[in-house]
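Listed here are the chains, written in short residue letters.
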Amino acid sequence: MLLMNDALVAQRVFDHIANGTTDMGDQVWREPVANYRQQERLDREIEQVLRRFATPFCPSVALADAGSYVARRAAGTPLVAVRGRDGVVHAFRNVCRHRGMEVAAGSGCAKVFVCGYHGWAYGLDGRLQHVPHEHGFPGLEKDQHALVPVSTVERHGLVFVNQHGPIDESALEEFPPLLADGQRLGGIVQGLGQAWCEEVRYDENGQLLTATLMDYALPRAAMFPRFELDMTCTPSPLNPLGAKGIGELGTIGATPCLVSAALDALAPLGVTQLDMPLKSERLWRAIRDAAAGGTR
Ligand code: FES
């Protein structure tokens, strides 16, 4: 396949703009709907990924005190995470060992989890403490009927769970840098998207023309090179975690950076002003007008 260099690609784009044409594929591409809706794919992903790797379950701060708990479904499984009297967070399948009722709902603080069905009571460590009318269960060994534990690690202000097997704690060490890098990259791309392609347009009747993602240009990963990131870490003194917001860090600088770069590049051609977004057509017109002796 012949790959065009940047100059040829740019020329081709400008030619299309000038001629009102566009590139078309040889045939219509049809993506099978099943690729988006296939239950079997989703089931495999839940079973092989979401239940077998450490995943965040809730923020640590949601379990502030002994007895604080959060109950919710994780990858389809009802779980409950609770801070024990020893200060350690434990997680269990939120399933009563009698007939499977959930023993906790939502979030709150409890001294004991009492099943709403027949009153079996479990301690914060999951042990079955009390069975009403226990004489009706001859031979029941309470210590064999604790809530089923789930691997749990509290790290980086989050509670992680792994439903099948122990948690590889070394993998969690990568988590904060990954999160921080992801947020910074997202911020940078958001800012560049605003400068480059995102635009809400209306026609002369006030009708919104960019109401769908077919019309509204969002920045996508393939549009950008790799960014080099660096970090100066100064923990906040205002909270125990030292945490600060980082999500918009890249947004602030990226927008003026791209516009300034475009202005610098086009300054020799006489272009002195550009309005965002810097779409190809807008740049092309600015260059053409400047060459024709216009003001832009
Ligand atoms: S189902 Fe929980 S006590 Fe019966």
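Up top is the structure.
Residues numbered from 1 in each chain as written. Predicted model: local features only at pLDDT ≥ 70, side-chain atom pairs only at ≥ 80, totals over all residues.

**A few points about the nonpolar core**
Here comes step 1: Of all hydrophobic cores here, the largest spans 30 residues; its most connected members are Phe-57, Leu-79, Val-80, Ala-81 and Val-159.
Here comes step 2: Counting residues per element, the ones that place at least two in this core are strand 1 (55-59), strand 2 (68-74), strand 3 (77-83), strand 4 (89-93) and strand 10 (158-162).
Here comes step 3: Not counting residues up to four positions away in its chain, the partners in contact with Ala-81 are Phe-57, Cys-58, Leu-63, Tyr-69, Val-70, Val-89, Ala-91, Thr-152 and Val-159.
Here comes step 4: Of all hydrophobic cores here, the second largest spans 8 residues; its members include Ile-188, Leu-192, Leu-258 and Leu-278. (Core = buried A, V, L, I, M, F, W, Y, C linked by C-beta atoms within 7 Å. Buried ≥ 20, exposed ≤ 12 C-beta atoms within 10 Å, placed from the backbone. Helix = DSSP H or I, 4+ residues; strand = E, 2+ residues; numbered from the N terminus. Contact = placed C-beta atoms within 7 Å.)

**A short note on the sheet that holds strand 2**
Here comes step 1: Ordered by their spatial adjacency, 7 strands build an open sheet running 1-10-9-4-3-2-5, and the pairing between neighbours is antiparallel. Two strands bound the open sheet, and with one partner strand each, they are strand 1 and strand 5 (107-109). Each adjacent strand pair in this sheet contributes to an overall mean axis angle of 30 degrees, direction not counted. (Pairing = 2+ DSSP bridges. Axes fitted to C-alpha atoms, helices over the stretch in contact; angles between N-to-C directions.)

**Here's the deal with the sheet that holds strand 8 (residues 128-130)**
Here comes step 1: One open sheet accounts for 3 strands, arranged 6-7-8; its pairing is antiparallel. Each edge of the open sheet is held by one strand with a lone partner, namely strand 6 (113-114) and strand 8.
Here comes step 2: Sheet topology note: the strand 6/strand 7 (residues 121-122) ladder contains 2 bridges and is antiparallel. Pairing of Phe-113 across the sheet is with Tyr-122, part of strand 7.

**A look at helix 7 (residues 280-291)**
Here comes step 1: Along its 12 residues, helix 7 runs 16 Å from first to last C-alpha, staying within 8% of the 16 Å computed at 1.5 Å per residue.
Here comes step 2: Positive backbone phi, at 90 degrees, marks Gly-293, one or two positions downstream of helix 7. (Expected span 1.5 Å × (residues − 1).)

**Brief notes about the packing of helix 1 (residues 6-19) against helix 7**
Here comes step 1: At a minimum axis separation of 10 Å, helix 1 and helix 7 run at an interaxial angle of 85 degrees. Judged on the interaxial angle alone, helix 7 and helix 1 are roughly perpendicular. Each of Val-13, Phe-14 and Ile-17 in helix 1 lies in contact with helix 7, whose residues at this interface are Ser-280, Glu-281 and Trp-284.
Here comes step 2: When its residues are assigned to classes, the contact of helix 1 with helix 7 shows 4 nonpolar, 1 polar and 1 charged. (Parallel < 35°, antiparallel > 145°, perpendicular 65-115°, else oblique. Nonpolar A, V, L, I, M, F, W, Y, C, P; charged D, E, K, R; others polar.)

**Topic: the pairing of strand 4**
Here comes step 1: Counted residue by residue, strand 4 has 4 buried out of 5 residues, so it is predominantly covered.
Here comes step 2: Looking at chain direction, strand 3 and strand 4 are connected through 5 bridges and run antiparallel. Counted as the bridge partner of Val-80 is Phe-92 from strand 4.
Here comes step 3: The loop that links strand 3 with its antiparallel partner strand 4 comprises 5 residues; one of these, Gly-87, has a positive phi angle of about 85 degrees.
Here comes step 4: Where strand 4 meets strand 9 (residues 149-155), 2 bridges bridge the pair, whose relative direction is antiparallel. Note on strand 9: the bridge partner recorded for Phe-92 is Pro-149.

**Points about helix 5 (residues 175-196)**
Counting along an α-helix, one turn takes 3.6 residues, and residues three or four places apart therefore face a common direction.
Here comes step 1: In this model, helix 5 (22 residues) spans 31 Å end to end at C-alpha, consistent with the 32 Å of a helix rising 1.5 Å per residue.
Here comes step 2: Burial in helix 5 covers these residues: Arg-184, Ile-188, Val-189, Gly-191, Leu-192, Gly-193, Ala-195 and Trp-196.

**Side note on the packing of helix 5 against helix 6 (residues 249-266)**
Here comes step 1: Axis separation between helix 5 and helix 6 bottoms out at 7 Å; the angle between their running directions is 35 degrees. Along this stretch, helix 5 crosses helix 6, giving a crossing that reads as right-handed. Two secondary-structure elements touch here, helix 5 through Arg-184, Gly-187, Ile-188, Gln-190, Gly-191, Leu-192, Gln-194, Ala-195 and Trp-196 and helix 6 through Leu-249, Gly-250, Thr-251, Ile-252, Ala-254, Thr-255, Leu-258 and Val-259.
Here comes step 2: Its residues placed into classes, the contact of helix 5 with helix 6 shows 9 nonpolar, 7 polar and 1 charged. (Left-handed = near helix turned anticlockwise from the far one by under 90°.)

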